Amino acid sequence: MSKLLVTGGAGFIGSNFVHYAIANTEHDIVVLDKLTYAGDPATLEGLPEDRVRLVVGDIADPEVVDGLVAEADAVVHYAAESHNDNSLSDPSPFVQTNLIGTFTLLEAARRHAKRFHHISTDEVYGDLELDDPAKFTPETPYNPSSPYSSTKAGSDLLVRAWVRSFGLEATISNCSNNYGPRQHVEKFIPRQITNVIDGVRPRLYGAGENVRDWIHADDHSSAVLRILEAGRSGETYLIGADGEKNNLEVVQAILTMMGQEADAFDHVTDRPGHDMRYAIDATKLRDELGWEPAFTDFEAGLRDTIDWYRANEAWWRPQKAAAEAKYAQAGH
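Residues numbered from 1 in each chain as written. Predicted model: local features only at pLDDT ≥ 70, side-chain atom pairs only at ≥ 80, totals over all residues. Heavy atoms only, no water.

Concerning the side chain of H118
Move 1: Mapped onto the fold, H118 is located in strand β5 (residues 115-121).
Move 2: Looking at H118, the relative accessible area reads 0%, which means it is buried.
Move 3: In terms of polar contacts, H118 uses its side chain to reach the side chain of S155, at 3.1 Å.
Move 4: Only 3.0 Å separates the side chain of H118 from the side chain of D156, close enough to count as a polar contact. (Helix = DSSP H or I, 4+ residues; strand = E, 2+ residues; numbered from the N terminus. Buried < 20%, exposed > 50% of the residue type's maximum accessible area, 1.4 Å probe, protein only. Polar contact = N/O pair within 3.5 Å; in protein donor to acceptor, adjacent residues only side chain to side chain.)

Next comes the structure, spelled out in structure tokens:
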């Protein structure tokens, strides 16, 4: 594979993959991104123009998609509506992008017989009890909780059906919560960091007991590359780095690292259907494909992330007011 089509490659996780792939492979990359509020051409700045090209377009538009898929050797599908709060306010964009968009890409990949890798989330599995020793595996039944996670579950099932029904060469990865540079400020970690920078007390849903399995975006990218190169068609691989932390611990770590008291935050009313705990068992990925995470120290990765947001205010500042206005309208 020498030419990749990366959908959603101007968003946080997708752009990280583009940067990582350019630095670690010989691939040329075409990015297809609609440039909604979560996509920004600035995430691709500094990349070689002879190897990376941005096409602004909608993955649900067959005319745009068909030609780009035909030119590529493989499709890496990151593009998605991905914010739970937004899906509760208006589910329709999630259905259009996550289901219709994925269907449109799959049909193009089928017509042109292209390798397809689908990026998904651990949220399709629902949640685990806080005291449950279990973790999600590829065999865990789907049990999505929100319009976001249910449309991602639906997109996963479309990929599986296209493999079984049409022989498409495709793989799926379900990853835990990502963090790192260039993440939109509506998301949990960058929102807290930028609030502290602005002198605003962080806000925490409920008691902050909800547990997430955190992974640095670079580790997610290295895993996707490994699956793309060596993954078996029709298989699902879970990506995680054993980074379980509850939201209270994360907020307190951010405050402490930024010179604030650990209790300098406010509790707000929890959101409906808020999953309690996610935890990934990445044994299959590690044993079958030999993948290992590089960022095994969450605190060190978090400190680097804080430093990035402090040094790159010009990147996130234009997003901040709009993101906070949406939270305020929702009462958060």
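With respect to helix α1 (residues 12-24)
Move 1: End to end, α1 covers 18 Å across 13 residues, agreeing with the expected 18 Å (1.5 Å per residue, within 8%).
Move 2: Regarding α1, the residues found buried are F12, G14, S15, N16, F17, V18, A21 and I22. (Expected span 1.5 Å × (residues − 1).)

Things to note about the pattern of salt bridges
Move 1: Enumeration according to the criterion identifies 19 salt bridges in this entry.
Move 2: Measuring nitrogen to oxygen at the nearest pair gives 2.9 Å for the salt bridge that ties R277 to E244. Of this pair, R277 sits in the loop between β13 (266-268) and α9 (283-289) while E244 sits in strand β12 (residues 244-246), and the two are 33 residues apart along the sequence.
Move 3: On the basis of relative accessibility, which here comes to 30%, the residue E244 falls in the partly exposed class.
Move 4: A salt bridge links E292 to R286; the shortest N-O distance between them is 3.1 Å. (Salt bridge = Lys/Arg side-chain N within 4 Å of Asp/Glu carboxyl O.)

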